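Inside the fold
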Amino acid sequence: MDHRSEIREFLTSRRARITPDQAGLPSYGARRVPGLHRAEAAQLAGVSVEYCARLERGNLAGVSDTVLDALARALRLDDTERAHLYDLARAARTSPRRRRKQAYPQGVRPNVQRLLDAMTDTPALVINGRTDVLASNALGRALFAPLHDTTTRPPNHARFIFLDARSHDFWDNWDHAADDAVALLHTQAGRDPFDTDLTALIGELSTRSEDFRARWARHDVRRHATGVKHLRHPAVGTLHLTFEAMELVADTGLTLLAYGAEVGTASEDGLRLLTTWAATRDQQRAVPAVDET
């Protein structure tokens with residue numbers, strides 16, 4: 001990933017989605033390109049056109065928080081987009097000596113795994129910013145059985161969505177799941193554009209998936225906090241599950257995801273059935289093969 005290009009394309013894509021009417025500016029006839037002109041964005045942010053051009057060339061080094069706030073207001077960034085802008089600026093200020101790859105955890109601490117295993121009635125897993133699944137409990141592995149049934153380790157949500165044909169059957173709304181995955185990767189790229197593993201993942205997906213390339217070009221960003229996932233499990237059918245995302249404060253970059261169903265719904269019955277299915281599957285796997293020779 002080229003950090004300057006990431007900044008440039010993010011800023012220009014946000015400017016392109018705002019019309020003069022939305023910004024309270026006069027509009028004079030048809031425009032060759034959508035959105036605000038650079039001069040209009042500069043006017044709204046209270047900076048010169050030349051300075052705005054510098055920012056859109058990808059140079060955020062030395063830009064004050066005051067200017068970033070003004071730019072965020074001018075471009076009508078939401079909270080996640082504003083945080084992404086600040087992440088991009090923070091990375092631009094990072095000296096080359098500090099751009100070495102960080103040592104990210106490849107698993108979770110024993111205490112975290114014990115916590116996951118204690119959640120016997122709740123599917124739960126821990127992921128990093130690259131959407132790698134670093135740990136799961138038994139019900140979490142059962143819920144995302146097709147994802148865990150891959151040769152790549154650790155299992156990766158984005159790679160499963162874009163490179164595994166089974167994902168189209170697994171996700172009830174594949175397009176929404178795909179949009180979420182790319183937006184999460186874009187958010188992580190803003191936080192740490194020097195993560196070589198993330199760069200390699202994005203390169204792989206860009207090379208192998210047109211669906212990924214098209215979404216990556218939108219520069220949408222998103223943070224997972226809470227919501228509903230709609231999926232079609234191969235053993236128990238359709239499930240509509242709420243989820244909560246909780247950052248592990250002691251483990252920077254790791255998030256615990258826990259899933260549940262509304263009381264009295266078919267999805268609650270489906271989770272109970274999934275628990276039975278998971279236990280049966282684990283028992284079958286624990287039985288040693290009989291040597292008939």
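Our structure's up above, just so we're on the same page.
Here goes a summary of the coordinates provided. (Residues numbered from 1 in each chain as written. Predicted model: local features only at pLDDT ≥ 70, side-chain atom pairs only at ≥ 80, totals over all residues. Heavy atoms only, no water.)

The tally for this structure, following the rule as stated, stands at 25 salt bridges. A salt bridge links D251 to R109, with the shortest nitrogen-to-oxygen separation between them at 2.9 Å. Taken together, the residues span a long stretch of sequence, with D251 in the loop between β4 (237–247) and β5 (255–260) and R109 in the loop between α6 (79–92) and α7 (110–118) at a distance of 142 residues. By relative accessible area, D251 is classed as buried at 14%. (Salt bridge = Lys/Arg side-chain N within 4 Å of Asp/Glu carboxyl O. Helix = DSSP H or I, 4+ residues; strand = E, 2+ residues; numbered from the N terminus. Buried < 20%, exposed > 50% of the residue type's maximum accessible area, 1.4 Å probe, protein only.)

Our focus in this paragraph is the sheet that holds strand β1 (residues 124–127). Ordered in space as β2-β1-β5-β4-β3, the 5 strands form an open sheet in which the pairing is antiparallel. Of all strands in the sheet, those with a lone pairing partner are β2 (133–136) and β3 (226–233), marking the two edges. Strand after strand, the sheet turns through a mean of 30° between neighbouring axes, direction not considered. Inspection of the sheet shows β4 paired to β5 by 6 bridges, in the antiparallel sense. (Pairing = 2+ DSSP bridges. Axes fitted to C-alpha atoms, helices over the stretch in contact; angles between N-to-C directions.)

The next subject is the side chain of T255. Mapped onto the fold, T255 is located in strand β5. For T255, a relative accessible area of 18% corresponds to the buried category. Residue contacts for T255: discarding those within four places in its chain leaves L125, V126, I127, A245, M246 and E247. (Contact = heavy atoms within 4.5 Å.)

Viewed as axis vectors pointing N to C, helix α3 (residues 38–45) and helix α4 (residues 49–56) meet at an angle of 105°, and their least axial separation amounts to 9 Å. When the axis of α3 is compared with that of α4, the two are roughly perpendicular. In this structure, α3 uses R38, A39 and A42 to contact α4, whose residues at the interface are V49, C52, A53 and E56. Considering only residue class, the contact of α3 with α4 consists of 5 nonpolar, no polar and 2 charged. (Parallel < 35°, antiparallel > 145°, perpendicular 65-115°, else oblique. Nonpolar A, V, L, I, M, F, W, Y, C, P; charged D, E, K, R; others polar.)

With 14 residues, helix α1 (residues 3–16) extends 20 Å between its outermost C-alpha atoms, agreeing within 8% with the 20 Å of an ideal straight helix rising 1.5 Å per residue. Among the residues making up α1, those that are buried are H3, S5, E6, I7, F10, L11, S13, R14 and R15. Those residues of α1 that are buried lie in contact with α3, α4, α5 (65–74), α6, α12 (174–191) and α14 (210–216). (Expected span 1.5 Å × (residues − 1).)

This brings us to the packing of α3 against α5. It is the contact of α3 with α5, at a shortest axis distance of 8 Å, that shows an interaxial angle of 120°. It follows that α3 is oblique to α5 by the angle criterion. Seen along the crossing, α3 lies across α5 with a hand that is right-handed. Residues A41, L44 and A45 of α3 lie in contact with α5, whose contacting residues are A70, L71 and A74. (Left-handed = near helix turned anticlockwise from the far one by under 90°.)

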